[in-house]
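# Structural overview
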Amino acid sequence: MKMAALLLASTALIAGCGKKKVDTLPPAAEGTDYGQTPTDPNANGAGQIMPGSQEDFLQQVGQFGDRILFETDRFNVDAEDQATLQRQAQWLAQYPNTRITVEGHADERGTRDYNLALGERRANSAKNFLVSIGVDASRIQTVSYGKERPSALGSDEQAWAQNRRAVTVTIR
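Because the structure is a prediction, the values reported are computed rather than measured. (Residues numbered from 1 in each chain as written. Predicted model: local features only at pLDDT ≥ 70, side-chain atom pairs only at ≥ 80, totals over all residues. Heavy atoms only, no water.)

## Some thoughts on the nonpolar core
Counting residues in each nonpolar core, the largest one holds 18 residues, and the members touching the most others are I68, L85, V102 and L130. Every element with two or more residues in this core is listed here: α2 (54–61), α3 (79–94), β2 (99–105) and α4 (112–132). Not counting residues up to four positions away in its chain, the partners in contact with I68 are V77, D81, T84, L85, A126, R164, R165 and A166. (Core = buried A, V, L, I, M, F, W, Y, C linked by side-chain atoms within 4.5 Å. Buried < 20%, exposed > 50% of the residue type's maximum accessible area, 1.4 Å probe, protein only. Helix = DSSP H or I, 4+ residues; strand = E, 2+ residues; numbered from the N terminus. Contact = heavy atoms within 4.5 Å.)

Following this line, the structure appears as structure tokens:
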């Protein structure tokens, strides 16, 4: 009887360890401008974008110009990524007091620790390229979210490709 109870308890424990489906994304990092449209309080028209804000950054570098994408298990900055980072550096040159965070991300495959390390390498690759083209390293911090903050929900190549990224976010 004791053995049956132990077997039943361990089966329930193992069943509870299944992969959970993510329905909502975690909140943005503190101090970022995600989801906000800062307006210039001195502007004559309502809803004008404040220069130097995340919204201004996205407007200037393009809709997806805040991110570079990576191949599976890779963290190298290719020619397309370099062009994106060049646009980011040009914008940063206009706002020398603006600091950024480069977030490294991975897709859902692999262990948590592996993906955190891979996200860190991706964020550092983007940072190192920005520094190599003249952005002051003291203006850039990096963080890895691994697979914890997917951009696209899903378990297919299309979602994974969008989640293997480094994203540049302005800091207030």
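Next, the rest of the story.
## Points about unusual backbone geometry
The phi torsion at D73 lies on the positive side, around 60°, for a residue other than glycine. As for its placement among the helices and strands, D73 is situated in the loop between β1 (67–69) and α3.

## Concerning the environment of V61
With respect to the helices and strands, the residue V61 is situated in helix α2. Sequence separation between V61 and Q88 is 27 residues; the distance between their C-alpha atoms is 6.3 Å. In this view, V61 contacts D66, R87, Q88 and W91; residues no more than four positions away in its chain are not counted.

## Brief notes about the sheet that holds β1
Spatially, 4 strands are ordered β1-β4-β2-β3 in an open sheet, and the strand pairing comes out mixed. In this open sheet, the two edge strands, each paired with only one partner strand, are β1 and β3 (140–146). In this sheet, neighbouring strand axes are inclined to one another by 20° on average, regardless of whether the strands run parallel or antiparallel. Where α3 meets the sheet, its contacts fall on β1, β2 and β4 (165–171), and the angle it forms with β1 comes to roughly 165°. (Pairing = 2+ DSSP bridges. Axes fitted to C-alpha atoms, helices over the stretch in contact; angles between N-to-C directions.)

## Details of the pattern of salt bridges
Under the counting rule described, the total for this entry stands at 5 salt bridges. As a salt-bridge pair, R112 and E148 come within 3.7 Å of each other at their nearest N and O atoms. Highlighted residues: R112 in helix α4 and E148 in the loop between β3 and α5 (157–163), separated in sequence by 36 residues. Judged by its relative accessible area of 48%, R112 is partly exposed. With its nearest N and O atoms 3.1 Å apart, the salt bridge here joins E157 to R164. Connected through salt bridges with shared partners, the residues D107, R109, E157 and R164 form a single ionic network. (Salt bridge = Lys/Arg side-chain N within 4 Å of Asp/Glu carboxyl O.)

## Remarks on α3
Here α3 is 16 residues long and its end C-alpha atoms lie 23 Å apart, about the 22 Å a rise of 1.5 Å per residue gives. The complete set of buried residues in α3 reads D81, T84, L85, Q88, A89, W91 and L92. In an axial view of α3, the angular spread of the buried residues amounts to 160°, which keeps them on one side of the axis. Across α3 from its buried face, at more than 90 degrees, point the exposed residues A79, E80, Q90 and A93. Each element contacted by the buried residues of α3 is listed here: α2, β1, β2, α4 and β4. One side-chain oxygen of the residue at the start of α3 lies 3.2 Å from the amide nitrogen of E80, identifying that residue as D78. (Expected span 1.5 Å × (residues − 1). Arc of directions from axis to C-beta. Polar contact = N/O pair within 3.5 Å; in protein donor to acceptor, adjacent residues only side chain to side chain.)

## A few points about α4
The first and last C-alpha atoms of α4 sit 30 Å apart over 21 residues, in line with the 30 Å expected at 1.5 Å per residue. Along α4, the residues that are buried comprise N115, L118, G119, R122, A123, S125, A126, F129 and L130. The buried side chains of α4 occupy one side of the element, clustering within an arc of 150° when seen end-on. In α4, the exposed positions angled more than 90 degrees off the buried face are occupied by D113 and S132. Buried positions along α4 lie against β1, α3, β2, β3 and β4. G134 sits one or two positions beyond α4 and adopts a positive phi of about 110°.

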